[in-house]
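Here are the chains, one letter per residue:
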Amino acid sequence: MIEIRGLVKSYGPGQAIKALKGIDLKIAAGEFVVVLGPSGAGKSTMLRCINRLTEPTAGEVVIDGVSFAASGRRDLRALRRNAAMIFQHHNLVKRLSVLKNVLVGRMAGLSPLLTAMHVFPESDVQIAMHCLEQVNLAHKAAARADALSGGEQQRVGIARALAQQPKIMLADEPVASLDPKTSRVVLTYLKRICKESSIAVLCNLHQIDYALEFGERIVGLSGGEIVYDGPPQGVTQAVIRQIYPGLDDPNILGAGQRLADRLDIGAGGALAVAGGVS
Ligand SMILES: Nc1ncnc2c1ncn2[C@@H]1O[C@H](COP(=O)(O)OP(=O)(O)O)[C@@H](O)[C@H]1O
Ligand SMILES: [Mg+2]
């Protein structure tokens, strides 16, 4: 169980920019949660504050009863080992092999370049190979990372996060730079791994259609606050308008291009989206 309690992040002089206004969330092991929200809602800040790539202004993260509120160095290591990050641009070391990139996941908290020089224990190699099998890329283990397609590289990013054997995976717009078919493949692997390995996943997306298709729970973030937390079936037009304020503002969307017009309530009460939202 992962608990986020009272997470606050303010930026700028006088802490005037309130990026997160007090986030409370409980996520169970094996739960696939999609965070949906417009650009600037605070999605990245929330994930970065959870594993402290960004130092929160206030709040704590509790993982299986262990609180990470203080910012001691050892604390930070343990936190980052338990909370693996998956980035939009996967952040692989291009010139290294796929296997070595995944082995980096076994050395959380150390410099990828330094760890790449190490001889890894056989047990770590076995774990890394197993993680590559889970994203169906074991046959590419020896290939250079930059010889893979974008979708394959993101699957390596998932394998690297998995190799950490974390309690939670934090994925920040993992498919934002991929085409629709590849995006669905990557999200399918991510969700399958969440279930098979009982790892909680918090996945930021800005595409409503993917969120509704893959999320088993949707957290709607707007203006640094949670405005919706529930099943995808509960994401009605009214909820979408709350998550995306100004949806019908012609100054934002251009006259005659009302985004809300593209949103339909489907048979099950959930929204269907024509063309997605980006
Ligand atoms: N390093 C920073 N310095 C100042 N403001 C920031 C910084 N990072 C993010 N912000 C602000 O915090 C808010 C949330 O940003 P972000 O978390 O990136 O949103 P999202 O990922 O949902 O697009 C925005 O208003 C953004 O401008
Ligand atoms: Mg972001």
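This structure is a prediction, so every number in the text was calculated from the model and none was measured.

Draft legend 1. Inspection of helix α5 (residues 122-134) at higher detail. Taking 1.5 Å as the rise per residue, α5 with 13 residues should run 18 Å; its terminal C-alpha atoms sit 19 Å apart, in good agreement. For α5, the full list of buried residues reads Asp124, Val125, Ala128, Cys131, Leu132 and Gln134. For α5, the elements touching its buried residues are α3 (98-104), α6 (150-163) and α7 (180-196). Just downstream of α5, Asn136 is the residue with a positive phi angle, here 60°.

Draft legend 2. Structural context of the sheet that holds strand β4 (residues 58-63). One open sheet holds the 4 strands; their spatial order is β2-β1-β4-β5, and the pairing between them is antiparallel. Each of the sheet's edge strands pairs with one partner strand only, and the pair in question is β2 (17-27) and β5 (66-68). The average undirected angle you get between the axes of adjacent strands in this sheet is 20°. As defined by bridge partners, β4 adjoins β5 across 3 bridges and the pair is classed as antiparallel. Each bridged residue has a counterpart across the sheet, and for Val62 the counterpart in β5 is Ser67. Taken strand by strand, helix α1 (residues 43-50) contacts β1 (2-11), β2 and β4, and its axis lies near 120° from that of β1.

Draft legend 3. Representation of the site of ligand 1. Surveying the vicinity of ligand 1 reveals the residues Tyr11, Ile17, Ala19, Pro38, Ser39, Gly40, Ala41, Gly42, Lys43, Ser44 and Thr45. With respect to ligand 1, the side chain of Tyr11 contributes an N or O atom lying 3.4 Å from a nitrogen atom. Look at ligand 1: alone it shows 560 Å² of surface, and the protein chains cover 58% of it. Elements with a contribution of two residues or more to the shell around ligand 1: β2 and α1. It is α1 that contributes the most residues to the shell around ligand 1, 3 residues altogether. The residue inventory of the shell around ligand 1, partitioned by class, reads 5 nonpolar, 5 polar and 1 charged.

Draft legend 4. Summary view of the environment of Leu7. As for its placement among the helices and strands, Leu7 is situated in strand β1. C-alpha separation for the pair Leu7 and Cys49, spaced 42 residues apart in sequence, amounts to 7.9 Å. Once you skip the residues sitting within four places of it in the chain, Leu7 turns out to touch Leu20, Lys21, Gly22, Ile23, Met46, Cys49, Ile50, Pro56, Ala58 and Gly59.

Draft legend 5. Inspection of the packing of α6 against α7 at higher detail. With their axes 9 Å apart at the nearest point, α6 and α7 run at an angle of 15° to one another. As far as their axial angle goes, α7 and α6 are roughly parallel. Crossing of α6 against α7: the hand is right-handed. Within the contact between the two elements, α6 uses Gly151, Gln154, Arg155, Ile158 and Leu162 and α7 uses Thr182, Val185, Val186, Tyr189, Leu190 and Ile193. Per-class residue counts for the contact of α6 with α7 are 7 nonpolar, 3 polar and 1 charged.

Criteria and thresholds
Residues numbered from 1 in each chain as written. Chains lettered and ligands numbered in written order. Predicted model: local features only at pLDDT ≥ 70, side-chain atom pairs only at ≥ 80, totals over all residues. Heavy atoms only, no water. Helix = DSSP H or I, 4+ residues; strand = E, 2+ residues; numbered from the N terminus. Expected span 1.5 Å × (residues − 1). Buried < 20%, exposed > 50% of the residue type's maximum accessible area, 1.4 Å probe, protein only. Contact = heavy atoms within 4.5 Å. Pairing = 2+ DSSP bridges. Axes fitted to C-alpha atoms, helices over the stretch in contact; angles between N-to-C directions. Near = heavy atom within 4 Å. Polar contact = N/O pair within 3.5 Å; in protein donor to acceptor, adjacent residues only side chain to side chain. Areas by Shrake-Rupley, 256 points an atom, 1.4 Å probe, with all protein chains shown as cover. Nonpolar A, V, L, I, M, F, W, Y, C, P; charged D, E, K, R; others polar. Parallel < 35°, antiparallel > 145°, perpendicular 65-115°, else oblique. Left-handed = near helix turned anticlockwise from the far one by under 90°.

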